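The primary structure of each chain is shown beneath.
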Amino acid sequence: MRIGILVAVLGERDAVGTDVREMAAALQRLGHHARMFASASHGVPAAEPLAAMEELLRDPDAVLIYHFAFGWPPAIDFLRRARCRRIVRYHNVTPPEFFAEWSPEYEAACRAGRAEIDTLAALDCELYLGDSPHNVDDFLAAGVPRRRTAVLAPFNRLDHLLTVPGDFALLDAPRQRKATWLAVGRLAPNKGHLDLFDAFALYRDYCEANARLIVVGSRDPRLVSYNAALMERLCVLGIEADVRFLSGVGEEVLKAAYLSADALVSLSAHEGFCVPLIEAMALGVPVIARDAGAQAWTLGGAGLLSEGADPARVAASMERVRQDAALRDAMRETGFARIASEFAPGVLERNLGDLTEAFR
Amino acid sequence: MTRVAIVVQRCHESVVGGSEALAWQYARMLSARHEVEVLTSTATEHVLWSSTLPPGAEQREGIVIRRFPIALGRTPYWEALYRRLIDDEAAIRADGNHWREALQDEFIRCQGPHCPDLHAWLQVRASDYDAVVFCTYLYSTTYFGIRAVAPEKAILVPTLHDEAAACLSVFSRLYARYRRRIWLTHAERRIASRLWGCDAGSVLGMAVDTEPVAPERRDRPYLLYCGRIEAGKGCDELLSAFERLPVRGRTSLVLTGADHLGLPRSPDIEFLGFVDDARKRALMAGASAFVLPSRFESFSIVALEAMAQGTPVLVNGQSEVMVDHIERSGGGLHYDSQDDMVLKMERLCMLDTDARARIGSAGRDYVLANYGEERIRAQLEAIVGQAISAGSVERTGSGP
Amino acid sequence: MSSEYKDEDPSARIERAGHEIRLLAAGLRDRPRLARTEVSDATSTERLEPARLAYAISELAGTHHRTFVEAAFRALLKRAPEPDETEAHLARLTAGARKVEILGDLRWAPEGRRVGVHVRGLRARYLLAKATRVPVFGRLLDLCLDVAALPLQPRHLRAVETTLAARDEATQETLQGLNARIGILAAQVRTLAEQAAARTTQFTQRLDDLHATLHQQALALHAVESALHTRIDAAEKAVEEGRHLGERQRERLEELEFIRQRFYAINHWAHSLETAFARIDDTARTREGELAARAATLALPALAAEPPSAQDQQSWDEAFASALPIHAGVLAFTCGRDWIERLARRGFAVVHAEPNPVLAEAARVEGVVVEPVDANELLRRVPEQSVDGISILAVSSVVRTLPLVDLLDASARVLRANGVLLLADAPGVAALVDDLRGLRADARIGVLPAPLFHAFGFAEARRIATNGSVAWLLRRAAA
């Protein structure tokens, strides 16, 4: 079967780019003829230009899978006039209210993106495929019948992460024996870094004085006031010397960060799936997370959840993880089982195969 | 027919290794009554885990050998991790959690052979097997594969040594859940009790060939050594002691195997190189005593083979495993110093026929009672049978 | 750990821990605050976070000499100083320059202004320091400041003496500590040497394993060699047999070569023929296009001078519009500007298909999408059940290229449930253009029985007869 995968921009190392590339590779292995199309492409393999997609759009036997992660009006036009079967693969758009006090531009972009949910729902596509049940809920709320929805976790490169060597400069860094918090994810208002700093400061004041926090994630130069607010919070809490930022790092440093951590702490207020959670579970790192968005579903009971981001609750969770070996064991084993049964590449490929069978 | 899988890091006729030999022996024994599959890697060597065999299934002696590709062999990265493990050995022995669990996993994974396809195979098909035997606690194939199998139907053969890696807490915590264990020796079981805080399981070992053969007669009575000839095996001590042996003029020292030490030229020392199994047993049967100076023995099938031929054995008292064999059998002596070695060698050389026969017979009885093929097979079948029954109850909620 | 929980299910353990943590969190802030016991492993220069834009003067002036210069550059200019810059500022300090002066010079240099760091208390003190540089007045001011500071000098001197003495003691302690550390390191080196010896033994053992492996493989190779010799003999025999076979095959190859050459010649001739036909097709299409444009150019002014009756269109318009919802999506084929304007005025979302560029331009109305394709092509593109209404005013023009049965099928496919199709065959610009081109067909919709349309999925078929023109209003069945 001819299958086209459409995305606005094919990134090199982001979650959507990984899902697109690995999905294309999985479809090829399943015997389909899969091609990727984008308006811009970074990294390899590259996507083809949009003009090359016209012939596929006209073929009623072909399938187009559109990866929807932010507003992009040309996609609406393609889907509207396509004669082929259409699947909307939804990665979630951050609600605009998270950016209200930080960036009018981002707020407007998110609002426009969220509006496209209704437009896409009205196009009556053959399937709406979410990364998680949380994502699917957005389309159910827009009126898509449940029988036209399905959940397929994003494709990942966990196998590769497991075999990449860790960077020794980080593994051998000073204070290796002290409590080490880890946060992974870009610095954005919905990711909860301000709450994270509050919780870390409390932990440092009442649980372990010489703890450290490693924050892996890129800083967006367009979020000037938010970045300044983060720095100011560090100074006010007096923890700037205990927080290390790692930005634009390679896989070796990321791996070393996970191996150095006592727990991954994810206080994000909105997530459609949260890839760092499965990276942590695959590497056997305990997870402390906020019960928001899809995080509870992704963890599947493997992590310690807190409603809201109460700093005391998060700090107490880290203290307990550090002290209770049996608890760590339980979290790790539950995480390994969750990965093996739900997110291993072979499992995702099988699930994708089942979904595409229905289109033959 | 019931299906049993055996997971081991290597499996090929060219492979020389203790746990690999054990795994194959168990596979052959079980194949009489079960459909046996060996799940293994594509490696034949254990230094870098290079993939030299093609992935896929083949049959040998009616046993399916299913090989899985290696995603991660040993690299300089693992060497660096291993150096850090040795540097931290004292701290790890004091506290198994000295390294964070994720880093411990990383060490084990990089130690290899890391075969994600084997783990995925077990994840999907563990329910197709009625029992799964995992050989060698240390390697990735066991550590990551065993999680896919319910504890009721998994059998662990740790082949545990007292070494730094064994003190990592992830091993003791994971394997505490898998209570069906087979120990090679009582000494290994004691090591497990000390390092892992758990020693449940059965002491079984391997089957030893007990068929008596006609002894090889040589010009003079002789002491015998079989195996790698090098300092790590205590052969330098053996030569020193033989040099000082008062009866040296009337007794030879015969050695077989590969010489990595550089044996001195002497009319009393006879080096025969590699010999086949039949001649080895004949030499054992004809020897005044079989000497095993090595400190690091996990089972020592060669000493048991000598005892099976009714030959007294002399072993190093620093090997807990060998001292156990001697004290339980009465089939020989152990020494605790170089001087003691000379004395005990002389004593064995001077034994009269009756005394030699008494000691030799005690040793042979011990091997027959504990390591005869039928006994090992029956015990192994019993352990596997229990696992199969337990797995069946878990599946159906009632008896088979 | 309590034995009660020893064999606890992992999920239960995690859940239980969650409850216990909730209780623990409630009392966390009641604990005594912890004192920091370790100095941060960041040096003074590393604490000055590159993104930080606000400092107190005491943070920057609290260090000395080279550390002070480096810290000042990193804080105020967000970069490390060049070696010559460091030396220049150290020279200034040695010459007695005040730290606030150096800080101010950096802050208010062009580079410092661009970075824009705020240092609380610096401006006033910098201005004062600069004032002391003014000839005469500055000297007097400096003198006054020094006199004002005189009472503090003895105290300052005593503090300096005490600090130096303390540093001397600290240095001695450090030296003693270093000696002790050297002793420990020496012991560690000895331990390492022992460990290395043990490792060497292990490596030697591994080498021995390799030797044994190699020996086994040498034996295996020997066996393979013997097998190879046997195979080589068999292969040589096979080669001899193959030689005879080769002779016969060579003759066959020559025949095939002859056939291949003939095939290429025929292929080339066929390609030339295809090219010629394509040229003829192109010419015909171009000619057709010119004819169609010319016919349209003639027909439009003629009809403008003598327009057909608008009464037909009026009644069709009313019947069609009343059957459609508000803001309906409508396709229009073979109709003129008047009809398009009617539909647009009613607020419908209209797509007009008109392959003739002259007619398309003449019928262009604001807000209406024009597709330069014929009805057949547009109906193929439109997704199923996506349109509320279709109007065709000169169905005879359409059936020239799309037979009526296919037209009705395609219309039923794209119409939503309860959608309507208006079929008419009125005189108009499309019909006149066809006449001029000699392409006129007759769909004879006037003689069609109403039940015929049910077979195509139209539940209702209403005939609208006006002055000589016949039209049908067909309603698609509900889902």
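All values reported here derive from a predicted model rather than from experimental measurement.

A look at empty space enclosed by the protein
All names here are of chain A. Applying the stated criterion across every chain, the model contains four cavities of 30 Å³ or more. Quantified by volume, the largest cavity comes out at close to 50 Å³. Ile65, Ile87, Leu127, Leu129, Leu352, Leu355, Thr356 and Phe359 are the residues that line the largest cavity. Contributing elements (two or more residues each) for the lining of the largest cavity: strand S5 (127-130) and helix H15 (345-357). The dominant element in the lining of the largest cavity, judged by the number of residues it contributes, is H15, at three residues. Grouping the amino acids of the lining of the largest cavity by side-chain chemistry returns seven nonpolar, one polar and no charged. The computed volume of the second largest cavity comes to approximately 40 Å³. Of the residues forming the lining of the second largest cavity, the biggest block, three residues, is contributed by helix H14 (residues 325-343).

Points about the side chain of A:Asp19
Residue and element names in this part refer to chain A. Relative to the helices and strands, Asp19 resides in helix H1 (residues 15-29). Engagement of the side chain of Asp19 in a polar contact is seen with the side chain of Arg89, the distance being 2.9 Å. Excluding anything up to four places from it in sequence, Asp19 contacts His67, Arg89, His91, Pro154 and Phe155.

Notes on the nonpolar core
Residues and elements named next belong to chain B. One finds Leu39, Leu85, Phe107, Phe134, Tyr137, Phe171 and Tyr175 to be the most contacted residues of the largest nonpolar core, which totals 115 residues. Take this core: its biggest share by element is seven residues, from helix H2 (residues 76-87). One finds Cys11, Ala23, Cys135 and Ile388 within the second-largest nonpolar core, a separate group that totals 81 residues.

Looking at the interface of chain B and chain C
Every contact between the two is made by 15 residues of chain B and, on the other side, 12 residues of chain C. Buried area between chain B and chain C, summed over both chains or domains, comes out near 1500 Å², and the portion from carbon and sulfur atoms is 56%. When the area that chain B buries against chain C is broken down by residue, the three leading residues are B:Tyr82, B:Arg228 and B:His260, summing to 26%. The interface formed by chain B and chain C contains two salt bridges. A salt bridge links B:Arg228 to C:Asp208; the shortest N-O distance between them is 3.9 Å. Taken together, the links from chain B to chain C amount to three residue pairs in polar contact (both at pLDDT 80 or more). Class assignment of the residues belonging to the side of chain B that touches chain C gives a composition of six nonpolar, four polar and five charged.

Describing the environment of A:Glu97
In this fold, A:Glu97 is placed in the loop between strand S4 (85-90) and helix H4 (104-122). In sequence terms A:Glu97 and A:Asn190 are 93 residues apart; their C-alpha atoms lie 9.3 Å from each other.

Re helix H14 (residues 353-371) of chain B
Residues and elements named next belong to chain B. For H14, which comprises 19 residues, the first-to-last C-alpha distance of 26 Å matches the rise-based estimate of 27 Å (1.5 Å per residue) to within 8%. When H14 is considered as a whole, its buried residues turn out to be Ala355, Gly360, Gly363, Tyr366, Val367 and Tyr371. Viewed end-on, H14 has its buried residues packed into an arc of 125°, placing them on one side of the element. Looking at H14, the residues exposed on the side facing more than 90 degrees away from the buried face are Thr353, Asp354 and Arg358. Capping of H14 at its N-terminal end is provided by Asp352; its side-chain oxygen lies 3.1 Å from the backbone amide nitrogen of Asp354.

Points about the pairing of strand S12 (residues 289-292) of chain B
Residues and elements named next belong to chain B. Neither face of S12 is left uncovered, since the one carrying Ala289 and Val291 and the one carrying Phe290 and Leu292 both have all their residues buried. Across two bridges, the pairing between strand S9 (residues 222-226) and S12 is parallel. Bridging across to S12, Leu223 finds its partner in Ala289. Across three bridges, the pairing between S12 and strand S13 (residues 313-316) is parallel. Counterpart to Phe290 in the pairing with S13 is Val313. Since S12 and S13 lie parallel, the crossover through helix H11 (residues 301-308) that links them has a hand, and here it is right-handed.

Regarding the sheet that holds S12(B)
Residue and element names in this part refer to chain B. Read across the open sheet, the six strands follow the order S11-S10-S9-S12-S13-S14; overall the sheet is parallel. The outermost strands of the open sheet, each flanked by one partner alone, are strand S11 (269-271) and strand S14 (332-335). Between one strand axis and the next, the sheet turns through 25° on average, direction left out of account. With five bridges connecting them, S9 and strand S10 (residues 252-256) associate as parallel partners.

Examining the interface of chain A and chain C
At the junction of the two partners, chain A supplies 38 residues and chain C supplies 32 residues. Taking both sides of the interface into account, the surface hidden between chain A and chain C amounts to around 3200 Å²; carbon and sulfur atoms contribute 56%. It is A:Arg83, A:Tyr206 and A:Arg320 in chain A that bury the most area against chain C; as a group they hold 21% of the surface buried on that side. At the surface where chain A touches chain C, the tally comes to four salt bridges. With a closest N to O distance of 2.7 Å, A:Asp205 and C:Arg33 form a salt bridge. Residue assignment for the side of chain A that touches chain C shows that the elements contributing at least two residues are helix H3 (73-81), helix H8 (193-206), helix H9 (224-237), helix H13 (311-323) and H14 of chain A.

Concerning the sheet that holds strand S2 (residues 35-41) of chain B
Residues and elements named next belong to chain B. What the six strands build is an open sheet, ordered S3-S4-S2-S1-S5-S6; its pairing is mixed. The open sheet terminates on both sides in strands that have one partner only, identified here as strand S3 (56-60) and strand S6 (154-157). Direction aside, the axes of adjacent strands within the sheet are offset by 20° on average. The pairing of S2 with strand S4 (residues 63-68) spans five bridges and is classified as parallel. If you follow Thr40 over to S4, its bridge partner there is Arg67. Across the sheet, helix H1 (residues 18-30) touches strand S1 (3-7), S2, S3, S4, strand S5 (131-135) and S6, and the angle it forms with S1 is around 175°. The strands touched by helix H5 (residues 116-125) are S1, S2, S4 and S5; relative to S2, the strand with the most contacts, the crossing angle is about 145°.

Description of the pattern of salt bridges
Opposite charge on two side chains permits pairing when their charged atoms draw close. Residue and element names in this part refer to chain A. One pass over the full model with this rule turns up 95 salt bridges over all chains. Of the charged contacts, one joins Glu55 and Arg2 as a salt bridge, the two residues approaching to 3.7 Å between their closest N and O atoms. Separated by 53 residues along the polypeptide, Glu55 in helix H2 (residues 54-57) and Arg2 in strand S1 (residues 2-10) bring together distant segments of the chain. Overall, the relative accessible area of 47% leaves Glu55 in the partly exposed class. Residue Asp242 pairs with Arg204 through a salt bridge whose shortest N-O separation is 2.7 Å. You can see Asp242 sitting in the loop between H9 and strand S9 (243-246) and its partner Arg204 sitting in helix H8, a full 38 residues away along the chain.

Description of the confidence of the model for chain B
In the predicted model, chain B carries a mean pLDDT of 92, and 98% of its residues have values of at least 70. The complex prediction reports pTM at 0.65, with the ipTM value standing at 0.93.

Section: the packing of helix H9 (residues 235-243) of chain B against helix H13 (residues 338-349) of chain B
Residue and element names in this part refer to chain B. At their nearest, the axes of H9 and H13 sit 9 Å apart, and the two run at 60° to each other. With respect to their mutual orientation, H9 and H13 come out oblique. Remark: the crossing between H9 and H13 carries right-handed chirality. Note on element contacts: H13 touches H9 through Gln338, Met341, Val342 and Met345, opposite Glu237, Leu238, Ser240, Ala241 and Phe242.

A closer look at unusual backbone geometry
The phi torsion of most residues other than glycine is negative, and most of the peptide bonds are trans. A:Pro45 follows A:Val44 through a cis peptide bond whose omega is -5°. If you trace the backbone, A:Pro45 turns up in the loop between strand S2 (33-41) and H2. B:Pro113 follows B:Gly112 through a cis peptide bond whose omega is -15°. The phi torsion at A:Cys274 lies on the positive side, around 80°, for a residue other than glycine. The topology assignment puts A:Cys274 in the loop between strand S10 (263-266) and helix H11 (275-282).

Analysis parameters
The residue numbering used here restarts from 1 in each chain and proceeds along that chain's sequence as written. Here the convention is simple: chains get letters from A, ligands get numbers from 1, in the order in which they are written. Where totals are concerned, whole chains, interfaces and linings use all residues; where local detail is concerned, this predicted model gives features only for residues with pLDDT of at least 70, and gives and counts side-chain atom pairs only at 80 or more. Think of the side-chain values as coming from all heavy atoms in the structure, minus any hydrogens and water. Here the term cavity refers to a set of points on a 1 Å grid, laid over the protein atoms alone, in which a 1.4 Å probe fits but cannot get out; the term pocket refers to an open set having protein on both sides within 12 Å along at least five of seven lines, with lining residues being those that place an atom within 4 Å of a point. Grid points are joined across faces, edges and corners, and a volume is the space filled by probe spheres set on the points. Every helix listed is a DSSP run of H or I at least four residues long, and every strand listed is a run of E at least two residues long, numbered separately from the N terminus. For this classification, the nonpolar set comprises Ala, Val, Leu, Ile, Met, Phe, Trp, Tyr, Cys and Pro, the charged set comprises Asp, Glu, Lys and Arg, and every other residue, Gly included, is treated as polar. Two N or O atoms count as a polar contact when they lie within 3.5 Å, although within protein this holds only if one can serve as hydrogen donor and the other as acceptor, and sequence-adjacent residues are included solely when both atoms are side-chain atoms. Contacts are residue-level and defined by heavy atoms, with any inter-residue pair within 4.5 Å sufficient. In this text, buried Ala, Val, Leu, Ile, Met, Phe, Trp, Tyr and Cys residues form a nonpolar core when linked through side-chain atoms within 4.5 Å. Classification of residues uses two cut-offs on accessible area relative to the type maximum, computed with a 1.4 Å probe and protein chains only: under 20% is buried, over 50% is exposed, and between them is partly exposed. Buried area counts how much accessible surface, traced with a 1.4 Å probe, disappears from two parts once they are put together, with both parts' losses summed. When a carboxyl oxygen of Asp or Glu lies within 4 Å of a side-chain nitrogen of Lys or Arg, that pair is called a salt bridge. Between the first and last residue of a helix there are one fewer steps than residues, each counted as 1.5 Å, and that sum is the expected span. Each direction from the helix axis to a C-beta atom contributes to the arc, which is the arc of those directions. Note on pairing: DSSP must find at least two bridges between two strands before they are called paired. For the handedness criterion, the strands are oriented away from the viewer, and a crossover whose path from the first strand over the helix to the second runs clockwise is classed as right-handed. Every axis in this analysis is a line fitted to C-alpha atoms, fitted for helices over the stretch in contact. Angles between the N-to-C directions lie between 0 and 180 degrees. Predictor confidence is given residue by residue as pLDDT, running from a minimum of 0 to a maximum of 100. Should an angle fall under 35 degrees it is taken as roughly parallel, and over 145 as roughly antiparallel, whereas 65 to 115 is taken as roughly perpendicular and any remaining angle as oblique. Working rule for handedness: look at the near helix, and if it is turned counterclockwise from the far one by less than a right angle, call the crossing left-handed; if clockwise, right-handed.

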